[in-house]
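Analysis of the macromolecular model
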Amino acid sequence: MTENLTRKFNELVAVDHVNLEIKRGELFGLLGPNGAGKTTLINMLCTILPPTEGSAKIWGHDVVKEPDDVRRSIGVVFQDPTLDDRLTGRENLDFHARMYGMPKEVRRQRADELLELVGLERQGDDLVRTYSGGMRRRLEIARGLMHHPKVLFLDEPTLGLDPQTRRAIWDYIQKLNRKEDITILLTTHYMEEADYLCDRVGIIDGGKIIALDRPSKLKARLKGDIVTLEVPNPERLVGTLRESELVNRIEVVNGFLHVGVRDGESAIPKLVRLLERKGEKVQSVGLRRPTLEDVFISYTGRRIREEGEAGAKERMRLRMRARRR
């Protein structure tokens, strides 16, 4: 639970008065572009960064006043790799458990349970340097669970993984959530990841939570379909389509017109006729339901990945300037 949680780096407000209440056993997602404040928020909840303003409690413990109790209650899988590749998978787990004072027999039993849970029971005694990227990620998740935490933080858990491995990690995360009866908070900039995994999603942008609900309810707020039109001059047609009563929103993405309408099947022939009367030839037409990226666009006017490239660079520049002062 957070109350007006804020983190500033001089003039940069990385996290801006965030209020969250995550339920026990929930798989909660923070969805937003790189540089939106997701990792900074996680770092405050994990007691790595102190808040500038506001407060937060994890499993009833204040992150500022009771940091040791918070750390005993949580497991963390950081965005950057933190395994020792000169040790075996089992040795990495054992070393982590020793830091929490777990007895030898308990460590051994718990390592066996978790290696089986993440599908690494056969590779547990192999050096981590021989592991693939997906195997390392699964081992990191197992390590975060060694000491029986109440809350598990996953910061961009599938970043840099191929689609097939990413989907496998999703399945492991869901299995862990059910079998371990653990509350999970994950950050991601992959819309499909948040949609597939999470019970609820908080969309974060510029350090603020701009929308929060179940993925299905967030998408339902857009009330309709998305029609994709391929035309020679899409930018020139934005004004024309915006004036049509058929259209409730419009965007040009990668040379295609993405048009929000209430009923796609009935709107498509009308939109095609409208464009043809303007002398535009429609080369292809697509129809789909709204995605979480469409929700992000409706609140911010831009795509997550576009902001991820430009916004991340600008925020990194401001953070580096703040640290030099």
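Read on for an overview of the structure. (Residues numbered from 1 in each chain as written. Predicted model: local features only at pLDDT ≥ 70, side-chain atom pairs only at ≥ 80, totals over all residues. Heavy atoms only, no water.)

**Regarding a nonpolar patch on the surface**
Judged by side-chain polarity, Phe95, Met99 and Tyr100 come together as a nonpolar surface patch covering roughly 330 Å² of accessible area. With respect to the helices, strands and loops of the structure, methionine 99 is situated in helix H3 (residues 89-99). (Patch = residues over 30% accessible without salt bridge, like charges linked within 9 Å, V, L, I, M, F, W, Y side chains within 5 Å. Areas by Shrake-Rupley, 256 points an atom, 1.4 Å probe, with all protein chains shown as cover. Salt bridge = Lys/Arg side-chain N within 4 Å of Asp/Glu carboxyl O. Helix = DSSP H or I, 4+ residues; strand = E, 2+ residues; numbered from the N terminus.)

**Quick look at H3**
By the burial criterion, the buried members of H3 are Gly89, Asn92, Leu93, His96 and Ala97. Relative to the axis of H3, the buried residues are bounded by an arc of 130° and lie together on one face. Where H3 is buried, its residues meet helix H4 (104-117) and helix H5 (133-145). Just past H3, the residue glycine 101 takes up positive phi, approximately 70°. (Buried < 20%, exposed > 50% of the residue type's maximum accessible area, 1.4 Å probe, protein only. Arc of directions from axis to C-beta. Contact = heavy atoms within 4.5 Å.)

**Some points on the nonpolar core**
Counting residues in each nonpolar core, the largest one holds 44 residues, and the members touching the most others are Leu31, Leu139, Ile141, Leu152, Leu154, Ile173 and Ile203. Residues in contact with isoleucine 203, not counting those within four places in the same chain, are Leu31, Lys208, Ile209, Ile210, Ala211, Leu218, Val295 and Phe296. Counting residues in each nonpolar core, the second largest holds 20 residues, with Leu45, Cys46, Ile74 and Leu185 among its members. (Core = buried A, V, L, I, M, F, W, Y, C linked by side-chain atoms within 4.5 Å.)

**Re the sheet that holds strand S1 (residues 2-9)**
Sheet architecture is open: four strands sit in the order S2-S1-S4-S5, paired in antiparallel fashion. At either margin of the open sheet sits one strand with a lone partner, and together these are strand S2 (12-20) and strand S5 (61-62). Taken together, the five bridges between S1 and S2 define a ladder with antiparallel strand orientation. Its bridge partner being in S2, phenylalanine 9 is matched across the sheet by leucine 12. Each of S1, S2 and strand S4 (53-58) is contacted by helix H1 (residues 38-45), which is oriented at about 115° to S1, the strand it contacts most. (Pairing = 2+ DSSP bridges. Axes fitted to C-alpha atoms, helices over the stretch in contact; angles between N-to-C directions.)

**Some words on the sheet that holds strand S13 (residues 256-261)**
Read across the sheet, four strands follow the order S12-S13-S11-S14 without closing on themselves; strand pairing throughout is antiparallel. Unpaired on one side and paired on the other, strand S12 (247-253) and strand S14 (284-288) mark the two borders of the sheet. Averaged over all neighbouring strand pairs, the angle between strand axes comes to 20°, with direction disregarded.

**Notes on the packing of H3 against H5**
It is the contact of H3 with H5, at a shortest axis distance of 9 Å, that shows an interaxial angle of 25°. Between H3 and H5, the angle is such that the two are roughly parallel. In the packing of H3 onto H5, the handedness of the crossing is right-handed. Packed against H3, whose contacting residues are Gly89, Asn92, Leu93 and His96, the element H5 presents Leu139, Ala142 and Arg143 at the interface. Residues belonging to the contact of H3 with H5 are distributed by class as follows: three nonpolar, three polar and one charged. (Parallel < 35°, antiparallel > 145°, perpendicular 65-115°, else oblique. Left-handed = near helix turned anticlockwise from the far one by under 90°. Nonpolar A, V, L, I, M, F, W, Y, C, P; charged D, E, K, R; others polar.)

**What about the packing of aromatic side chains?**
In this structure the tally under the stated criterion is one aromatic pair. Pairing tryptophan 170 with tyrosine 196 gives two aromatic rings, centres 5.1 Å apart and planes at 35°, and the pair type is tilted. With a gap of 26 residues between them, tryptophan 170 in helix H6 (residues 163-179) and tyrosine 196 in helix H7 (residues 191-197) connect regions that are remote in the sequence. We classify tryptophan 170 as buried; its relative accessible area is 3%. With a relative accessible area of 34%, tyrosine 196 lands in the partly exposed category. Here the guanidinium or amino end of arginine 7 rests over the ring plane of phenylalanine 9, the centre of that ring lying 4.8 Å away. A cation sits over an aromatic face here: arginine 167 above tyrosine 196, 4.5 Å from the ring centre. (Phe/Tyr/Trp six-rings, centres within 6.5 Å; stacked < 30°, edge-to-face > 60°. Lys NZ or Arg CZ within 6 Å of the ring centre and 35° of its normal.)

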